[in-house]
Amino acid sequence: MTPITDPWFYAAAIPAVFFVGLSKGGFGGTFAMLGVPIMALVISPLQAAGIMLPILIVMDVVALLAYRGQADWKCLSLLLPAAVLGISIGWATAAYVRDAVVLFLIGLMSLAFVADYVFKQRKAVHASSHNVPKGLFWGTVAGFTSFISHTGGPPYQMYTLPLRMAPVLFAGTAVIFFATVNAIKLVPYFYLGQFDTTNLSTSVTLFPVALVATLIGVRLVRIVNVKTFYAIIYVFMGLIGAKLTYDGAVGLL
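It should be emphasised that the depicted structure is a prediction, and the values quoted were computed from it without experimental measurement.

Looking at the pattern of salt bridges
Next up, step 1: Throughout the structure, instances matching the rule amount to two salt bridges.
Next up, step 2: We note a salt bridge from Asp60 to Lys24, for which the minimum N-O separation is 2.9 Å. Pair noted here: Asp60 is in helix α3 (residues 45-66) and Lys24 is in helix α1 (residues 7-24), with a separation of 36 residues, a long-range link.
Next up, step 3: In this structure, Asp247 and Lys243 form a salt bridge, with 2.9 Å as the shortest nitrogen-oxygen distance. Of this pair, Asp247 and Lys243 are both found in helix α10 (residues 226-252), four residues apart, which corresponds to roughly one turn of the helix.
Next up, step 4: Residue Lys243 is classed as partly exposed on the basis of its relative accessible area, which comes to 35%.

Quick notes on the nonpolar core
Next up, step 1: Core analysis: the biggest nonpolar cluster contains 72 residues, and Phe9, Met39 and Phe177 have the highest contact counts within it.
Next up, step 2: No other element matches helix α8 (residues 167-191), which puts nine residues into this core.
Next up, step 3: Apart from residues lying up to four places away in sequence, Phe177 is in contact with Leu76, Leu79, Leu80, Ala83, Ala142 and Tyr156.

Some remarks on the environment of Val226
Next up, step 1: Relative to the helices and strands, Val226 is located in helix α10.
Next up, step 2: You can call Val226 partly exposed: its relative accessible area is 39%.
Next up, step 3: In the structure, Val226 is positioned 75 residues away from Thr151 in sequence and 25 Å away in space, judged by C-alpha atoms.

Focus on a nonpolar patch on the surface
Next up, step 1: Taken together, the side chains of Trp91, Val187, Phe190, Tyr191 and Leu192 present a nonpolar region at the surface, about 560 Å² in accessible area.
Next up, step 2: For the nonpolar patch, the element with the most residues is α8, which contributes three residues.
Next up, step 3: When you line up the elements, Trp91 lands in helix α4 (residues 73-92).
Next up, step 4: Taking relative accessible area as the criterion, Trp91 reaches 38% and is therefore assigned partly exposed.

A closer look at the packing of aromatic side chains
Next up, step 1: Evaluation of the coordinates by the stated rule reveals six aromatic pairs.
Next up, step 2: Ring geometry for Phe137 versus Trp138: centroids 4.8 Å apart, planes at 75°, classification edge-to-face.
Next up, step 3: Plain terms: the ring middles of Tyr156 and Phe178 are 5.2 Å apart, the flat faces sit at 65° to each other, and that makes the pair edge-to-face. On the criterion of sequence distance, the pair formed by Tyr156 in helix α7 (residues 153-160) and Phe178 in helix α8 is long-range, its members being 22 residues apart. The exposure classification of Tyr156 matches that of Phe178, with both residues buried.

Remarks on the confidence of the model for the protein
Next up, step 1: In this model, the protein carries a mean pLDDT of 84, and residues with pLDDT of at least 70 account for 94%.
Next up, step 2: Of all helices and strands in the protein, the one with the weakest mean pLDDT is helix α2 (residues 35-39) (77), whereas α4 scores best (93).

A closer look at the environment of Phe18
Next up, step 1: Structurally, Phe18 can be placed in helix α1.
Next up, step 2: Take Phe18: its relative accessible area is 31%, and that puts it in the partly exposed class.
Next up, step 3: Remark: the alpha-carbon pair of Phe18 and Leu206, spanning 188 residues in sequence, is separated by 9.6 Å.
Next up, step 4: With near-sequence residues (within four places) excluded, Phe18 lies in contact with Val209, Ala213 and Ile216.

About the cut-offs
Residues numbered from 1 in each chain as written. Predicted model: local features only at pLDDT ≥ 70, side-chain atom pairs only at ≥ 80, totals over all residues. Heavy atoms only, no water. Salt bridge = Lys/Arg side-chain N within 4 Å of Asp/Glu carboxyl O. Helix = DSSP H or I, 4+ residues; strand = E, 2+ residues; numbered from the N terminus. Buried < 20%, exposed > 50% of the residue type's maximum accessible area, 1.4 Å probe, protein only. Core = buried A, V, L, I, M, F, W, Y, C linked by side-chain atoms within 4.5 Å. Contact = heavy atoms within 4.5 Å. Patch = residues over 30% accessible without salt bridge, like charges linked within 9 Å, V, L, I, M, F, W, Y side chains within 5 Å. Areas by Shrake-Rupley, 256 points an atom, 1.4 Å probe, with all protein chains shown as cover. Phe/Tyr/Trp six-rings, centres within 6.5 Å; stacked < 30°, edge-to-face > 60°. pLDDT = per-residue confidence, 0-100.

Quick look at the structure:
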């Protein structure tokens, strides 16, 4: 098993894994979606996804240990079954759905969500309560887009951000959700040929970066105040939404 040796690959992969690790540690929310696009600057997106998924699993294990006991189980009881449905739909339609369409639509939805927050000054409004239809819808979308293009963050946050959970509870809930989604994705990704010896050995090489970054993310969540935490989440959701919209539009054109 020989990992990738190109230094330009690691110049992109190390920052990519670091950003994903911060997100997996609960800080930055949509940082995780930067991973595959950054790595795709030097290798194919398909190979980048294959390398990233085992790294995500390792990060999930570390984050689950760090946030044990911190979760909104009502939220998870709505979102996780729906996410399984979304993953199933993604697997069944993998040969027919264009990544560019998914990226473009998720990007637009993210920008619209952030715009709604800004113009309505959502941060001055009381926290929303759980809503079953919305939870099932956004959970399904999150599972589907996570399977297709590792972009489950925005749909997940469209449901969870208005709940205004405490930062540690918000992070712990997200960790359990995406750890479960990523574990489920292992089976269809294997059957779709996403894993080979080169990709797996490269993933192992990047594990130390993943571990350090995840622990840094865990620490940042615990020291940043609530207002700053949510401001950071919304800012990066807007930036990622703009990037996804651009990438999707370029792919469609």
